[in-house]
Amino acid sequence: MAIYYFIFAVVFQRGTDDFVPFLLVGLVVWQWFAQCVSHCSAAITQNHALISQVNFPKVVLPSINIVMDTFKFSIVFMLLLIGLWVMGYPPTWSYIYLPLILTIQFLLNYACGLIASALIPFVPDLSNLIPHLLRLGMYGSGILYTISSLPENIQDILAYNPMIWVIESYRDILMYNQIPNVSSLAIYTCAAISLYALARLIMRKLNPVFARALMQR
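First things first, this report covers the structure right here in the doc.

Quick notes on the rules
- Residues numbered from 1 in each chain as written.
- Predicted model: local features only at pLDDT ≥ 70, side-chain atom pairs only at ≥ 80, totals over all residues.
- Heavy atoms only, no water.
- Core = buried A, V, L, I, M, F, W, Y, C linked by side-chain atoms within 4.5 Å.
- Buried < 20%, exposed > 50% of the residue type's maximum accessible area, 1.4 Å probe, protein only.
- Helix = DSSP H or I, 4+ residues; strand = E, 2+ residues; numbered from the N terminus.
- Contact = heavy atoms within 4.5 Å.
- Expected span 1.5 Å × (residues − 1).
- Patch = residues over 30% accessible without salt bridge, like charges linked within 9 Å, V, L, I, M, F, W, Y side chains within 5 Å.
- Areas by Shrake-Rupley, 256 points an atom, 1.4 Å probe, with all protein chains shown as cover.
- Salt bridge = Lys/Arg side-chain N within 4 Å of Asp/Glu carboxyl O.

## A word on the nonpolar core
Membership of the largest hydrophobic core comes to 64 residues, with the highest contact counts inside it found for Val25, Trp30, Phe77, Ile143, Met163, Tyr170 and Leu174. Of all elements in the fold, only helix H2 (19-41), helix H4 (60-86), helix H5 (98-119), helix H6 (126-139), helix H8 (162-174), helix H9 (182-206) and helix H10 (210-215) reach the threshold of two or more residues within this core. If one sorts the elements of this core by residue count, H2 sits on top with 14 residues. Contact partners of Tyr170, with chain neighbours within four places excluded, come to Val25, Val29, Trp32, Phe77, Leu98, Ile101, Leu102, Gln105 and Met175.

Laid out in structure tokens, this is it:
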């Protein structure tokens, strides 16, 4: 975190007046997403021996990673809340929206993790690409700078990244005592549910052929 602070707040002067909590919220939230996607992406390929011997719903494998990463995140998130309270950001009535934002991100994490785990047995090179995509996504999610400080044409491109809205929603609730925009909240809730449903459908369709795909590698 000290390196990020020095580079973005001091060298490039992209930091805000409250850059430390700003950065902490972004990093903690992003790490939950990145860890879920990264761990889920290898869940099926790393268990090819088990898959070839036992017939069971393969969605169980990435789901285990999701549960474990979510448990770890819950501990870190509690420490983050305590740190924010100590730094002068006490709980407010806007916290009532926090469970909904957490649920939206959980569905987003789960959906992206399932899709990654389902595709990699058929596109093995994707496993090498995912770490780079996650790194690129980190720099494009407003974790280290405010999106509003960028040129409008860049903002228009980054608007397609749902993690920007997720991270900004956490910051609004935890730091600025603001509630998410109701229309945006409805849109992202529907989008997260739809993406999760699509991911489960993909897993269900590919479930019978995972073993064959892994044996042909």
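## A closer look at H8
An α-helix turns once every 3.6 residues. As a result, residues three or four positions apart point the same way. Between its first and last C-alpha, H8 extends 19 Å over 13 residues, near the 18 Å set by a 1.5 Å rise per residue. With respect to burial, H8 is a largely interior element, 10 of its 13 residues being buried. On its buried face, H8 sits against H2, H4, H5, helix H7 (152-158) and H9.

## Topic: a nonpolar patch on the surface
On the surface, a nonpolar cluster with roughly 630 Å² of combined accessible area is contributed by Phe71, Ile75, Leu79, Ile82, Trp85 and Val86. Tracing the backbone through its elements, the reader meets Phe71 in helix H4. What makes Phe71 exposed here is its relative accessible area of 55%.

Taken by themselves, the reported measurements are silent on function.
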